[in-house]
Amino acid sequence: MTTPSAATPSTASGQAHGLAAPAQPGAPGGRRGSLGPVGLVLAGGISVQFGGALAVTLMPRAGALGVVTLRLLVAAVVLMVLCRPRLRGHSRADWGTVIVFGLAMAAMNGLFYQSVARIPLGPAVTLEVLGPLALSVLASRRAVNLVWAALALAGVFLLGGGGFSGLDPLGVAFALAAGAMWAAYIVFSARTGRRFPQADGLALAMAVAAVLFLPLGVLESGTKLLDPTTFALGAAVAVLSSVLPYTLELLALRRLPASTFAILMSLEPALAATAGFLVLDQALAATEAAAIALVIAASMGAVRTQVGRGRARKAAGGS
């Protein structure tokens, strides 16, 4: 599974927690054909965030680590069955890359679920998206990105009410750490995509993540993971947050430019806030809504800057 080359928020990772590295897009479609793939991406985003909301409701039954274990395990089984990746013929460097990719995947999800167990879904995703945003800003190295960084910091300041007095500090720390792991996920997703064909690397990394997380889930939840209702809900979380978004993104990116995809993925905090409100009754204050809007604007601005830089390079190379 290959990924777009630009280090933009969510481009390499697909969804915030969809665990899907999108395929390299083909030629962009025309204006008339763009509504279909855009709809697929938005549907994938909605699926991810409502899957996250469902995961929060499952935590009292299985715990945060148990929910992550179920999600990774079911997603790994589904991807291994569908992709049937080849296990032989890979170098040590190939396996090292996919193992680190799996480590980043496991850490990203574990930290994020620890966060949403303590703070609302919308603010958690907003804080987490700062990781890919920082990666995009640093990769671009353009002065205009200072504007996007300032917007993002202003959003974080508003979200914390000047000091995060309204949010659990540990939940905030977990969300920021998850964002750092998301940035690592993006980097190693791209490297894995260059070393493994199709979605083989993703399937193998998912299996690594599931195996690594299994002891933690068993330690926290034990036999609760075997409860039929708990397992069924965990499987639903895996389908909503991993398998379905992966499939939708794969279909969309065959006709959708990577730049458009990244901009759409910048809407993740808004989708998360909506899911939190509808499923978990997590209402946002006006300042929190403004904070999320600022982070979304910063993310979109960083994506557009990166895309503009890429086009300028192509133009210079072609002249």
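The structure displayed is predicted, hence computed values, not measured ones.

### Remarks on unusual backbone geometry
The phi dihedral of R84 falls on the positive side, at around 45 degrees, and the residue is not glycine. Residue R84 is classed as exposed on the basis of its relative accessible area, which comes to 69%. One non-glycine residue with positive phi stands out, namely D281, at about 60 degrees. Its location among the elements puts D281 in the loop between α10 (268–280) and α11 (286–318). D281 gets classed as exposed once you look at its relative accessible area, which sits at 61%.

### As for the pattern of salt bridges
What the rule picks out here adds up to two salt bridges. Close ionic contact of R195 with D94 constitutes a salt bridge, the shortest N to O distance being 2.7 Å. With R195 in helix α6 (residues 169–195) and D94 in helix α2 (residues 92–116), this residue pair connects regions lying 101 residues apart in the sequence. Taking relative accessible area as the criterion, R195 reaches 38% and is therefore assigned partly exposed.

### Details of the environment of L151
Within the fold, L151 resides in helix α5 (residues 145–159). Classification of L151 as partly exposed rests on a relative accessible area of 24%. Measuring from C-alpha to C-alpha, the distance between L151 and A293 comes to 9.6 Å, with 142 residues separating the pair along the chain. Leaving out residues up to four positions away in the same chain, L151 has contacts with L294, A297 and A298.

### Digging into the packing of α2 against helix α7 (residues 200–221)
Two elements in contact, α2 and α7, have axes whose closest approach is 8 Å; the angle formed by their N-to-C orientations is 55 degrees. Taken together, the axes of α2 and α7 lie oblique to each other. The element α2 and its partner α7 pack so that their crossing is right-handed. Side by side, α2 and α7 meet where W95, V98, I99, F101, G102, L103, M105, A106 and G110 of the first sit next to G201, L202, L204, A205, M206, V208, A209, L212 and F213 of the second. Classifying every residue of the contact of α2 with α7 gives 15 nonpolar, three polar and no charged.

### Here we look at the confidence of the model for the chain
With 74% of its residues at a pLDDT of 70 or more, the chain has an overall mean of 77. Per-residue pLDDT, averaged within each element of the chain, yields its smallest value for helix α9 (residues 258–265) (62) and its largest for α2 (93). Here residues 1–34 is modelled with pLDDT under 50, and outside its nearest four sequence neighbours on either side it reaches 135 contacts, counting other chains as well.

### Describing the packing of α2 against α6
One can describe the packing of α2 onto α6 by two numbers: an axis separation of 7 Å at closest approach and a directional angle of 155 degrees. Compared by their axis directions, α2 and α6 come out roughly antiparallel. Between α2 and α6 lies a crossing of left-handed hand. Class assignment of the residues belonging to the contact of α2 with α6 gives a composition of 19 nonpolar, six polar and three charged.

### Considerations on a nonpolar patch on the surface
A cluster of nonpolar residues, L73, V77, V81, L214 and V218, forms a patch on the protein surface that exposes about 390 Å² of accessible area. Among the secondary structure elements, those contributing two or more residues to the nonpolar patch are α1 (35–83) and α7. Top element by residues in the nonpolar patch is α1. It accounts for three residues. Classification of V81 by relative accessible area gives exposed; the value is 55%.

### A look at the packing of aromatic side chains
What describes a pair of aromatic rings is the distance from one ring centre to the other and the angle between the planes of the rings. Per the stated rule, a full pass over the model turns up three aromatic pairs. It is R191 that lies over the ring of F188; its NZ or CZ is 4.9 Å from the centre.

### Some remarks on the nonpolar core
Nonpolar side chains tend toward joint burial in soluble globular proteins. M105, F112, Y113, L121 and Y185 are the most contacted members of the largest nonpolar core, which has 64 residues in total. In contact with L121, other than residues within four places in its own chain, are Q49, G52, A53, F112, V116, A272, A275, G276 and Q282.

### Notes on the side chain of D94
Of the residues examined, D94 reaches a relative accessible area of 10% and is grouped as buried. With near-sequence residues (within four places) excluded, D94 lies in contact with R195 and F196.

What counts, and at which threshold
- Residues numbered from 1 in each chain as written.
- Predicted model: local features only at pLDDT ≥ 70, side-chain atom pairs only at ≥ 80, totals over all residues.
- Heavy atoms only, no water.
- Buried < 20%, exposed > 50% of the residue type's maximum accessible area, 1.4 Å probe, protein only.
- Helix = DSSP H or I, 4+ residues; strand = E, 2+ residues; numbered from the N terminus.
- Salt bridge = Lys/Arg side-chain N within 4 Å of Asp/Glu carboxyl O.
- Contact = heavy atoms within 4.5 Å.
- Axes fitted to C-alpha atoms, helices over the stretch in contact; angles between N-to-C directions.
- Parallel < 35°, antiparallel > 145°, perpendicular 65-115°, else oblique.
- Left-handed = near helix turned anticlockwise from the far one by under 90°.
- Nonpolar A, V, L, I, M, F, W, Y, C, P; charged D, E, K, R; others polar.
- pLDDT = per-residue confidence, 0-100.
- Patch = residues over 30% accessible without salt bridge, like charges linked within 9 Å, V, L, I, M, F, W, Y side chains within 5 Å.
- Areas by Shrake-Rupley, 256 points an atom, 1.4 Å probe, with all protein chains shown as cover.
- Phe/Tyr/Trp six-rings, centres within 6.5 Å; stacked < 30°, edge-to-face > 60°.
- Lys NZ or Arg CZ within 6 Å of the ring centre and 35° of its normal.
- Core = buried A, V, L, I, M, F, W, Y, C linked by side-chain atoms within 4.5 Å.

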